[in-house]
Amino acid sequence: MSSYNQPTIPNLDKVGNLIIYLADEIEKRHHLPLFLTKLLKLIYIIDEISVKETGAPVTGLEYRVWKMGPVAYDVYADLMKNRSEQLGFFAEAKKSDPASDRDWALIKSVNKFDDSDFSDYEMDLVDKIINDYGADTDVDLIERLHEEGTLWRKIVDERHLDELFRNKSTSSFTINLAELIADDKQKLEAFKTAKDSLKL
């Protein structure tokens, strides 16, 4: 039995179908496999850019501040620790080395993509992210999300997490995407509405 808490993934169908699309399209367009770390970074980038542009995230996931960048813990825990109890209808994580507990699992879709939960804007955004970042390595994406001015860097600096991350790879701190649009009342209202509707 896993010691990890069973995640409750909000908006499960949408998140699951996003994972299907990312895995299939990165393989198709860039001829590359998609591993878990890269998947987690791409999902975060999709939500971050969507919030900046519209005020609303695509997924409604919560992101924790970990050493390797922002992590949607619920997705990570379900794919890595709970044998895809919720996401198993959509995708699976196959460990490259079954004896290892590292999170470089290969993500493979196990169902067909369904776009019914996505707006035209969201599909265009996801396609743009796949085209712009799909060929990047997980290290490239981690470095991008660690840059000065990012929400991850702000929390790490404010909370002195660099010291923690010398010995540990996780933290319980979370990223508030609304900080990206703190000066835009209209987008903040869109953010609140979206978050309320995405939480089941």
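About the criteria used
Residues numbered from 1 in each chain as written. Predicted model: local features only at pLDDT ≥ 70, side-chain atom pairs only at ≥ 80, totals over all residues. Heavy atoms only, no water. Salt bridge = Lys/Arg side-chain N within 4 Å of Asp/Glu carboxyl O. Helix = DSSP H or I, 4+ residues; strand = E, 2+ residues; numbered from the N terminus. Buried < 20%, exposed > 50% of the residue type's maximum accessible area, 1.4 Å probe, protein only. Phe/Tyr/Trp six-rings, centres within 6.5 Å; stacked < 30°, edge-to-face > 60°. Lys NZ or Arg CZ within 6 Å of the ring centre and 35° of its normal. Expected span 1.5 Å × (residues − 1). Arc of directions from axis to C-beta. Contact = heavy atoms within 4.5 Å. Polar contact = N/O pair within 3.5 Å; in protein donor to acceptor, adjacent residues only side chain to side chain.

### Examining the pattern of salt bridges
Consideration 1: This structure, assessed with the given rule, holds 13 salt bridges.
Consideration 2: One salt bridge connects Glu 25 with Arg 29, and the closest N-O pair in it is separated by 2.9 Å. Here Glu 25 pairs with Arg 29, and both are found in helix H1 (residues 12–30), just four residues apart, close to one helical turn.
Consideration 3: Since its relative accessible area comes to 13%, Glu 25 is described here as buried.
Consideration 4: Relative accessible area serves as the criterion here: at 27%, Arg 29 is assigned to the partly exposed category.
Consideration 5: Residue Asp 127 is joined to Arg 29 by a salt bridge in which the shortest nitrogen-to-oxygen separation is 2.5 Å. Here the residue Asp 127 occupies a position in helix H4 (residues 120–133), and Arg 29 occupies one in helix H1, the gap between them amounting to 98 residues.
Consideration 6: Three or more residues are tied together by salt bridges with common partners; here these are Glu 148, Arg 153, Asp 157 and Asp 162.

### Quick word on the packing of aromatic side chains
Two aromatic rings, taken as a pair, are described by how far apart their centres are and by the angle between their planes.
Consideration 1: The tally for this structure, following the rule as stated, stands at eight aromatic pairs.
Consideration 2: Relative to Tyr 76, the ring of Tyr 73 lies with its centre 6.5 Å away and its plane at 40°, an arrangement referred to as tilted. Taken together, the residues span about one helical turn, with Tyr 73 and Tyr 76 both in helix H3 (residues 73–80) at a distance of three residues. By the burial criterion, Tyr 73 is buried, and Tyr 76 matches it.
Consideration 3: The rings of Tyr 21, Phe 113 and Phe 118 are connected pair by pair, giving a single aromatic cluster.
Consideration 4: Lying across the ring of Phe 118, Lys 14 places its NZ or CZ 5.6 Å from the centre.
Consideration 5: We note Arg 64 situated over the ring of Tyr 73; from NZ or CZ to the ring centre the distance is 4.0 Å.

### Digging into helix H8 (residues 185–198)
Side chains of residues three or four places apart in an α-helix project in the same direction, reflecting 3.6 residues per turn.
Consideration 1: Taking 1.5 Å per residue as the helical rise, H8 with its 14 residues ought to reach 20 Å, and the 20 Å between its terminal C-alpha atoms agrees with that figure.
Consideration 2: Among the residues making up H8, those that are buried are Phe 191, Ala 194, Lys 195 and Leu 198. Projected down its long axis, H8 carries its buried residues within an arc of 100°, all on one side. Away from the buried face of H8 by more than 90 degrees, exposed residues Lys 185, Gln 186 and Ser 197 are located.
Consideration 3: Along its buried surface, H8 packs onto helix H2 (36–54).
Consideration 4: Its side-chain oxygen placed 3.2 Å from the backbone nitrogen of Gln 186, Asp 184 serves as the N-cap of H8.

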